[in-house]
Amino acid sequence: MPLLNSRGRAFWRTLSVIAILLYLSSTAVQTRANNPVTDITTGNTYATIQAAVTAANPNDVLSVSAGIYAENVTVNKPLTIRGANVGINPNTGARAAESIVIPAVADPTDDNSIFQVTADNVTIDGFTLDGHNGVLNGGNVINGVTSFVGYAVANVNSSKALANVNNLIVRNNIIQNINYSGIWLSSDNTAAPKGNLLTANKFDNMNGVDPISGDTRSGIRLTADGYADITNNVMTRTGFGIETTTFGTNSHGQADTISGNRIDGDAAAVFLNNHYGAADNFAVIGNTLSSAAGGTGARIWSIQGTPTVTLTNNIITSGTYGYRFWNVITPNTVTVSGGTVSGVSIGVRLYTCTSFGTPLRDQAVKIDGVTINGATTVALQVYDNNSTCTSNKITDTKNNSKLIVESATTAVGGLNGAAINRDAGGTGTATITLDAVQISSMTGAAVALSDPNGVASDTVTIQNKTNLSGNQDGIDLTVPGTITVNTTDIDNNTSAAIRQTAGTLTGTADTISFNQTNAINQAGGT
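Counting restarts for each chain, with residues numbered from 1 along the sequence as it is written. With pLDDT at 70 or above as the cut-off, local features in this predicted model cover only qualifying residues; side-chain atom pairs require 80 or more to be listed or tallied, and sums for whole chains, interfaces and linings still use all residues. Hydrogens and water molecules were not included; the side-chain quantities draw on all heavy atoms of the structure.

### Topic: the overall build of the chain
Condition: Labels follow the DSSP assignment, with helices taken as runs of H or I lasting at least four residues and strands as runs of E lasting at least two, numbered in each case from the N terminus. Any pair of residues with heavy atoms lying within 4.5 Å of one another is described as a contacting pair. Surface exposure here means Shrake-Rupley accessible area, sampled with a 1.4 Å probe, where a residue is shielded only by the protein chains that are shown.
Secondary structure summary: the chain contains two helices and 48 strands in total. Within the chain, residue pairs in contact and separated by at least 24 positions form 73% of the contacts whose partners lie at least 6 positions apart. In the structure as shown, the chain presents an accessible area of about 19600 Å², 52% of it carried by carbon and sulfur atoms.

Given below as C-alpha cells:
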C-alpha cells in the first residue's frame, strides 16, 4: 500500500474526527430519548443528571443508568445520587457497566469540578468520575491522559465561592484523571463542617504537579477546616494521597479518622499540615502507605496549639522516609503506635528547625511499639535542618526536639539504628530517648553520635532494658555529645559494644557480653 501524502493524511484525520463526533452525537441523542436518569422518589425521568437535580425535591433519590454523561453538575439541595454500581466497592466487588461522568468543558483549574456540591446531606454513590473527555481541547496531560477538570467532587463553584457542607457522603466511586484533587472539601470560615464521609472509592492518575497552580496533585485535599472521615479507599498514582491543611476550628470535639486506606502517594501518602488553635485531633489508623523515591509514607508538618495527631498500626512499605515530623510544637505529644516501616532509607525523621512559632517551643514525637525493618540510612533520626530554614533560624538552644522511642519498638537491619544528624551550623538541641527498645543487625551502629557536624548538646539516653545486639557496633560516639546508658544490654556485636573517640559516656550497662572484637574501644572522650 503506498504511503499517504500530507493531503491524504489530513483527509483521514478529518474523517476520523467526524466519525467520533457523529458517534458521540448519536449517543447523546439516544441518551436524551431514553431519559436515563430517574427520580426514584417521584418516578420522573430526565435526559441529564443536572436536569434531574434541578427538578428534584430535597431528599429525593436519583438513579443514573450506565452510560457516558458529559456534564458539570451542581448539587444545591439534599439528594442521594446513585450510579449504576451503587453499593459496590470498586476495590473489592465486581462492577457492571458504569455510569461515567466526564467534564463538559475544558477547565482543568481549581475552579471546576464534575460534581459541585453546595448543600448538606448529599450522597454520591456508584459512579466513575473521569477527568478525560476525548472531544475537548486543552487540558493538562497526566501520565499520557489529558485531564480537563480540577476536581471530581468539590464544594466550590466557578467563582471560587465556598459553601459549608455537612453530611456529604462520597462512596463506591472510581475517580481518575483529575488535574488538581479527586475530592476537595473546604469551609467558608463561618463554621467547621461535620459528618462528611469519603469511603470505599478508587482513585488513580492524579500525581505530579499541576502546572497552573504549581501545587502537588492529590487524591483527597481537605483545607481550611473542611473536615471529613476518610476510610477504606484505594489510591494509586497520586502526588499526595490525602492532604489536610490549615485546620484551626473545632468541628465536633472528637478525632477525625483516616483509616483502612491503601495509598500510593509519590510525594507523601498522607500529609497533615498546619493544624493549630482548637482544631480537631486527627487519627491515622490502619492504613497501608507507599511512596516514591524522595517521598514519605506519613508527613506531619506544623502541628500547633491544642490539636494533636495519633498514627496507629499503619504499614509503610516504600519511599525515602517512613515518617517525617516538622514544627510539631503542640503541647500534646504526637504519637506513632504499632505498625511497621520497611523499604525506606530513613524510618523516622524529626526535624529540629521550627521556623514558625513565637517564642520557639519544644517539640516531641513518641514512637511506641513500631517495627522498622531495613532502613538503609537510619531507623530513628533527629535531624537539625538549620540551613534549610529561610527565617527564624535556630541559632541557640531555645528549642529542644525530642524523639522518644519506647515500648518494644524494634529496628532490624540497615545502617544505623538511632542517630542525631545535622546540617553545618545547626545548634538546636536534639535528644533521643530509647526506652525498652530492640535494635539489631545494623551494619553500622545501633546508636550513633558520629555526624561531623555534631555538637555538645546532642544527647541520647538508653534505658529500661533496651537491647543493642547483633550489630557491627553497639554504640558509636565519635563527636561531641552525651550518651547515657542505664539498664541496657549490649551483646553480640561484631566489632565493639562501645566505640568512643569523643563526647561523654555516662551510666552503666546491665550486660556487655559476647562482642567479638572489643567490648569497649575507647580512644577519647570521657
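Now that the structure is up, let's keep going.
### Details of the nonpolar core
Quick note on the threshold: The term nonpolar core refers to a set of buried residues drawn from Ala, Val, Leu, Ile, Met, Phe, Trp, Tyr and Cys, joined through side-chain atoms within 4.5 Å. Exposure is judged per residue with a 1.4 Å probe applied to protein chains only, and the accessible area is read against the type maximum: over 50% gives exposed, under 20% gives buried, and values in between give partly exposed.
Membership of the largest hydrophobic core comes to 102 residues, with the highest contact counts inside it found for I49, F115, L311, F325, L380, L403 and L434. Sort the elements by how many residues they give to this core and strand β34 (residues 371-384) lands first, with five residues. For F325, the residues in contact, after removing those within four places along its chain, are I300, W301, L311, V334, V336, V348, R349, L350, Y351 and V365. If you look at the next biggest cluster of nonpolar residues, it comprises 15 residues, including A267, F271, Y321 and Y351.

### Thoughts on the pattern of salt bridges
Which entries qualify depends on this criterion: By definition, a salt bridge exists where a carboxyl oxygen of Asp or Glu is found within 4 Å of a side-chain nitrogen of Lys or Arg.
Considering all chains together, one arrives at nine salt bridges under this definition. Note that D458 is salt-bridged to R422, the shortest N-O span being 2.3 Å. Of the two residues, D458 sits in the loop between β39 (445-449) and β40 (459-463) while R422 sits in strand β36 (residues 410-422), which places them 36 residues apart along the sequence. Taking relative accessible area as the criterion, D458 reaches 1% and is therefore assigned buried. Residue classification places R422 among the buried positions, given a relative accessible area of 3%. The partner of K465 in a salt bridge is D489, with the nearest N and O atoms 3.4 Å apart.

### Examining the confidence of the model for the chain
Filter applied, for reference: Per-residue confidence from the predictor is reported as pLDDT, a score between 0 and 100.
For the chain, per-residue confidence averages 86 on the pLDDT scale, and residues scoring 70 or more make up 85% of the total. Across residues 356-360, where pLDDT falls below 50, the model places ten contacts with residues more than four positions away in sequence or in other chains. Within the model, the stretch residues 390-398 combines pLDDT values under 50 with 19 contacts to residues more than four positions away or in other chains.

### Some words on the environment of D204
Worth spelling out the cut-off: Pairs of N or O atoms are called polar contacts if they sit within 3.5 Å, as long as, within protein, a hydrogen donor faces a hydrogen acceptor (for residues adjacent in sequence, only side-chain-to-side-chain pairs).
On the secondary structure map, D204 appears in strand β18 (residues 202-206). Each C-alpha atom of the pair D204 and G182 lies 8.8 Å from the other, and the pair is 22 residues apart in sequence. Residues contacting D204, with those up to four places away along its chain left out, are I175, Q176, N177, T236 and R237. In terms of polar contacts, D204 uses its side chain to reach the side chain of R237, at 2.7 Å.

### Regarding the side chain of S113
Locating S113 in the fold gives a position in strand β8 (residues 113-117). Within the structure, S113 has its side chain in polar contact with the backbone oxygen of F115 (distance 3.4 Å). S113 has contacts with N72, V149, Y151, A152, A154 and V156, leaving out every residue within four places of it along the chain.

### Overview of the packing of aromatic side chains
Test applied: Only centres within 6.5 Å qualify two rings of Phe, Tyr or Trp (six-membered ring in Trp) as a pair; their planes then separate them into stacked at under 30 degrees, edge-to-face at over 60, and tilted for everything else. To sit over a ring, a charge needs its Lys NZ or Arg CZ within 6 Å of the ring centre and within 35 degrees of the ring normal.
Scanning the entire structure with this criterion turns up twelve aromatic pairs. Judged by centre distance (4.8 Å) and plane angle (45 degrees), the rings of F240 and F271 are tilted. Taken together, the residues F240 in strand β21 (residues 234-247) and F271 in strand β23 (residues 262-275) connect sequence positions 31 residues apart. With respect to class, F240 is no different from F271; both count as buried. The structure contains a cluster of three or more aromatic residues connected by ring pairs, namely F240, F271, W301, W326, Y351 and Y383. Positioned above the aromatic ring of F271, the side-chain terminus of R299 is 4.7 Å from the ring centre. Geometry around Y383 places R349 over its ring, the cationic atom sitting 4.0 Å from the centre.

### Thoughts on unusual backbone geometry
Of note, K465 is a non-glycine position whose phi angle comes to about 60 degrees, a positive value. For K465, the position within the fold is in the loop between β40 and β41 (466-469). Phi is positive for T487, close to 40 degrees, though the residue is something other than glycine. By secondary structure assignment, the location of T487 is in the loop between β43 (482-486) and β44 (488-491).

### Overview of the environment of V75
On the secondary structure map, V75 appears in strand β5 (residues 73-75). For the pair formed by V75 and D120, sequence separation is 45 residues and the distance between their alpha carbons is 9.7 Å. V75 has contacts with V53, I81, F115, Q116, V117, T118, A119 and V122, leaving out every residue within four places of it along the chain.

### Quick look at the pairing of β8
The following threshold applies: When DSSP finds two or more bridges between two strands, those strands count as paired.
Burial analysis of β8 places five of its five residues in the buried class, which makes it a mostly covered element. Taken together, the three bridges between β5 and β8 define a ladder with parallel strand orientation. Along β8, the bridge assignment pairs T74 with Q116. Relative to strand β13 (residues 151-154), β8 runs parallel, the two being bridged by three bridges. Within β13, the residue paired with F115 across the bridge is V153.

### With respect to the environment of L449
The topology assignment puts L449 in strand β39. As for L449 and G503, which are separated by 54 residues in sequence, their C-alpha atoms are 8.7 Å apart.

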